[in-house]
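Architecture at a glance
Each chain, written out:
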Amino acid sequence: MQKSVDHLVIGGGCIGVSIAYHLAKRKVGSVLLLERGEFLGQESTGKCAGGIRAQFSTEINARLSLLSIDRFEHWQEEIATPFQYRQWGYLFLLTSDDLVARFKTSHAMWTKLGMKVEWLHPADISKRFPHVNMEGVRGATFHARDGFGDPNDITQGYASAARKHGAVIETGVEVTGIELSSTRRKVTGVKTSKGNVACKNLILATGAWSKVVAAWAGVDVPIEPLPRQIIVTDKFDLIKDPWPMTVDLSTTLYCHRESGGVLIGMSNEAQKPQFETVFDEDYGEKMLMTAMHRIPVLEHAAPKHKWSGLYETTPDHHPIFGTLPPVDGLYICAGFSGHGLMHAPAAGIVTSEIVLDGKAKSVDVSTLSNARFTGGGQLIDERNVI
Ligand SMILES: Cc1cc2nc3c(=O)[nH]c(=O)nc-3n(C[C@H](O)[C@H](O)[C@H](O)COP(=O)(O)OP(=O)(O)OC[C@H]3O[C@@H](n4cnc5c(N)ncnc54)[C@H](O)[C@@H]3O)c2cc1C
């Protein structure tokens, strides 16, 4: 007999498992999550840097982060699974008048939201963070509640909490099609590699693949797969802990402590969207040179691991939440544009509210519907993308 559920989530990355947990917790109908991979969190989630921060240029992104950071800070009370989480702060180095002016504007918005972000002058920076080469640095911001967390802990934690609340999570099941009513205005289920499943609500948490999956229902969502790469060095202790996630926005270089070594990331602005993720050695060399310029002591660190993964990027670098008209019962929560891990708690909370209550209550995400790309809203670009 064909399976039937109330809420079916496609995608077992950090976003999908958070949605499954937050839906299951409400106990309003059955929840099934299908992930095609053998394990959960092996795509963008498993390739990510683990950064968690609220220093965004748009208020909505900052609000999504603040809600998420609050949940990460209360992880043990709520989820009760192991979670490596280090609130060692994010240090944004500002190397131009334009960046200083932009961050002054953001600083006022952050203060309004209750964030205590320190504004640092060059002398403060060299004193507190002697690892930084101050060439060209005109100032910096530092927010102590920012930091980084383990992506696998977040994914496994939400998955286990979702199961405790009755959600069923199946891996190794690929969704291959969306079934619609005869008018094509209502979701009725999905086709999968292991048979069909009927559902009332279908939530796409399919990250970089969301455009492909939404197209099965005749809906266009502008999410592109953009390869981004990371290098992790061997054990390195020449910078004392706790050293914050250090970001040079002018080059997009970022570094933080990882498994006793250092994680280095930097976005290749010339990269074109594609699904293939092959580590680009030439660009890797550029990442190392840029890292050693800004943090000279890194010349003593030996690269050990390197990989490439996908950002799921939208034109305005904000996620897409909510219904996907004209198809009733079809929802999306994807396109976090490189910020999905840090927004996973908020993503699950607001998506469960949209599905169960018809509207997000915890953070108003109505401006982030897919309609903003089809003439039904305004685009506000997030500028602090690294
Ligand atoms: C190099 C790099 C660094 C990053 N650094 C950070 C960071 O510091 N902080 C941060 O917050 N974010 C960061 N990100 C972004 C973050 O990884 C993503 O935003 C987040 O993981 C998105 O989660 P997701 O669940 O939407 O996508 P994914 O983790 O990709 O999950 C989507 C899942 O859907 C599954 N799927 C797709 N199609 C189907 C189908 N048809 N049937 C069944 N399953 C399907 C896939 O197999 C996949 O597991 C980084 C990303 C990269 C690549």
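Residues numbered from 1 in each chain as written. Predicted model: local features only at pLDDT ≥ 70, side-chain atom pairs only at ≥ 80, totals over all residues.

1. Observations concerning the overall build of the chain
Counting secondary structure elements, the chain contains ten helices and 19 strands. Relative to its length of 386 residues, the chain is compact, with a C-alpha radius of gyration of 21 Å against a globular reference of 21 Å. Its C-alpha atoms give the chain principal-axis dimensions of roughly 65 × 40 × 40 Å. Residue burial in the chain is summarised as follows: out of 386 residues, 48% are buried. (Helix = DSSP H or I, 4+ residues; strand = E, 2+ residues; numbered from the N terminus. Rg over C-alpha atoms; globule rule 2.2 N^0.38 Å. Buried ≥ 20, exposed ≤ 12 C-beta atoms within 10 Å, placed from the backbone.)

2. Side note on the sheet that holds strand β3 (residues 51-52)
Taken together, three strands build an open sheet; the order of strands is β3-β8-β4 and the sheet is antiparallel. Unpaired on one side and paired on the other, β3 and β4 (85-86) mark the two borders of the sheet. Here two bridges tie β3 to strand β8 (residues 147-149), and the two strands are oriented antiparallel to one another. Looking at β8, one finds that G51 is bridged to F148. (Pairing = 2+ DSSP bridges.)

3. Focus on the site of the ligand
As a structural note, the neighbourhood of the ligand is formed by 43 residues, with G11, G13, G51, G207 and G340 the closest of them. The set of elements that each furnish at least two residues to the shell around the ligand consists of α1 (14-26), β2 (31-35), α2 (44-47), β13 (224-233) and β17 (303-313). Among the elements that line the shell around the ligand, the one with the most residues is β17, at four residues. When its residues are assigned to classes, the shell around the ligand shows 18 nonpolar, 18 polar and seven charged. Counting contributing residues per domain, the shell around the ligand is built from domain 1 (3-48 + 152-223 + 316-373) and domain 2 (87-144 + 225-313), each supplying no fewer than three. (Near = placed C-beta within 6 Å. Nonpolar A, V, L, I, M, F, W, Y, C, P; charged D, E, K, R; others polar. Domains from an automatic or database assignment.)

4. Concerning the nonpolar core
The biggest cluster of nonpolar side chains holds 110 residues, and the ones touching the most others in it are L8, A20, A162, Y331 and C333. The greatest single-element share of this core, amounting to eight residues, is contributed by α1. Counting only domains with at least three residues in this core, you end up with domain 1 (3-48 + 152-223 + 316-373) and domain 2 (87-144 + 225-313). (Core = buried A, V, L, I, M, F, W, Y, C linked by C-beta atoms within 7 Å.)

5. A short note on the packing of helix α3 (residues 59-73) against helix α10 (residues 344-357)
When two helices pack together, their arrangement is captured by the angle between the axes and the distance separating the axes. At a minimum axis separation of 7 Å, α3 and α10 run at an interaxial angle of 105 degrees. By the angle class used here, α3 and α10 are roughly perpendicular. Contacts between α3 and α10 involve L64, L67, S68, R71 and F72 from the first element and A344, P345, A346 and I349 from the second. Residue composition of the contact of α3 with α10, grouped by class: seven nonpolar, one polar and one charged. (Axes fitted to C-alpha atoms, helices over the stretch in contact; angles between N-to-C directions. Parallel < 35°, antiparallel > 145°, perpendicular 65-115°, else oblique. Contact = placed C-beta atoms within 7 Å.)

6. Here we look at the domain arrangement of the chain
Domain assignment breaks the chain into domain 1 (3-48 + 152-223 + 316-373) and domain 2 (87-144 + 225-313). When each unit is reduced to the centre of its C-alpha atoms, the spacing between domain 1 and domain 2 is 31 Å. Contact residues are listed per partner, giving 14 residues for domain 1 and eight residues for domain 2. In the side of domain 1 that touches domain 2, the residues fall into five nonpolar, seven polar and two charged.

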